Amino acid sequence: MLKSPAVRGGAASFDGHTPDETTAGDADYLEAAGHAHYELAADAVVLTVRVEADELVSAPNALEKVTELSGLRDRLLQAGVTAVDLVAFDGRAKSGLLGSSSIGRYTLRVTCPLEATSAALMVVAKDGDATLAGSVWSFEDDTSQRREAGALAAQDARAQLDAIAAALGIELGAPHRVLSRVSATGGDTAPVGRMSKSATPDDLFVRLAALRTVTVKVTLRHHPA
């Protein structure tokens, strides 16, 4: 797993507001926004796999009792995945020359460490009952980084407010509003090659890692004292 770079702060921006035809001493409020950024490294890929089976078994026992599911789960675990979870189930009627029957349609969530993703995809590609329905990156827990970024962004905003207030010759009063917003870019869908029984591991999964940039913005608004 790649280590995330340290949280870094950005220059705060100032959006002070004064009504038209007033002096600085009559300002409604002073407002500034501080920013901090950090990067997260993907540490796993989550696959959505759909399986059709001749057995109708409701959750949570389907993974143990449905032959197609239990066999696929065992092969995936042998390939190195860390979890196989049943997340959805439905059934439908199937008609044929010999009469009608019912089939179960199951949706699995498969969590794969990066080093096991190619092998897991090969298992799915070679399984006649399974279809890959989606693949997304999974990222390490960022609770501590988010807290640190929030503190840095708030410090940036406050420093900017203090500088503006000093330049205008006014004192800041009590905080009027504090807003925090978190946004992220990058690292959504994990690219997967064409699924086929003749595919090689390199055909199925060629990108080894993804990065997501997270930005924390804290906006402070103060009335003059």
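Residues numbered from 1 in each chain as written. Predicted model: local features only at pLDDT ≥ 70, side-chain atom pairs only at ≥ 80, totals over all residues. Heavy atoms only, no water.

Some words on the environment of Arg109
No. 1: Turning to its location among the elements, Arg109 is positioned in strand S4 (residues 99-113).
No. 2: C-alpha separation for the pair Arg109 and Leu47, spaced 62 residues apart in sequence, amounts to 5.8 Å.
No. 3: Discounting chain neighbours no more than four positions away, the residues touching Arg109 are Val46, Leu47, Ala83, Val84, Asp85 and Val87. (Helix = DSSP H or I, 4+ residues; strand = E, 2+ residues; numbered from the N terminus. Contact = heavy atoms within 4.5 Å.)

Examining the pairing of strand S2 (residues 30-53)
No. 1: In terms of residue burial, S2 counts as a mostly covered element, since 18 of its 24 residues are buried.
No. 2: Two elements, S2 and strand S7 (residues 211-224), share 12 bridges in a ladder whose sense is antiparallel. Bridging from a neighbouring strand, Ala41 pairs with Leu211 of S7.
No. 3: As judged from the 9 bridges shared by S2 and strand S5 (residues 130-139), these two strands associate in the antiparallel manner. Counted as the bridge partner of Val46 is Val136 from S5. (Buried < 20%, exposed > 50% of the residue type's maximum accessible area, 1.4 Å probe, protein only. Pairing = 2+ DSSP bridges.)

Points about the packing of aromatic side chains
No. 1: Overall, the coordinates contain 1 aromatic pair when judged by the stated rule.
No. 2: Aromatic pair Phe89 and Tyr106: ring centres 5.0 Å apart, planes at 35 degrees, arrangement tilted. Of the two residues, Phe89 is situated in strand S3 (residues 83-96) and Tyr106 in strand S4; the sequence distance between them amounts to 17 residues. (Phe/Tyr/Trp six-rings, centres within 6.5 Å; stacked < 30°, edge-to-face > 60°.)

Take it as geometry only, folks, not as evidence of what the structure does.
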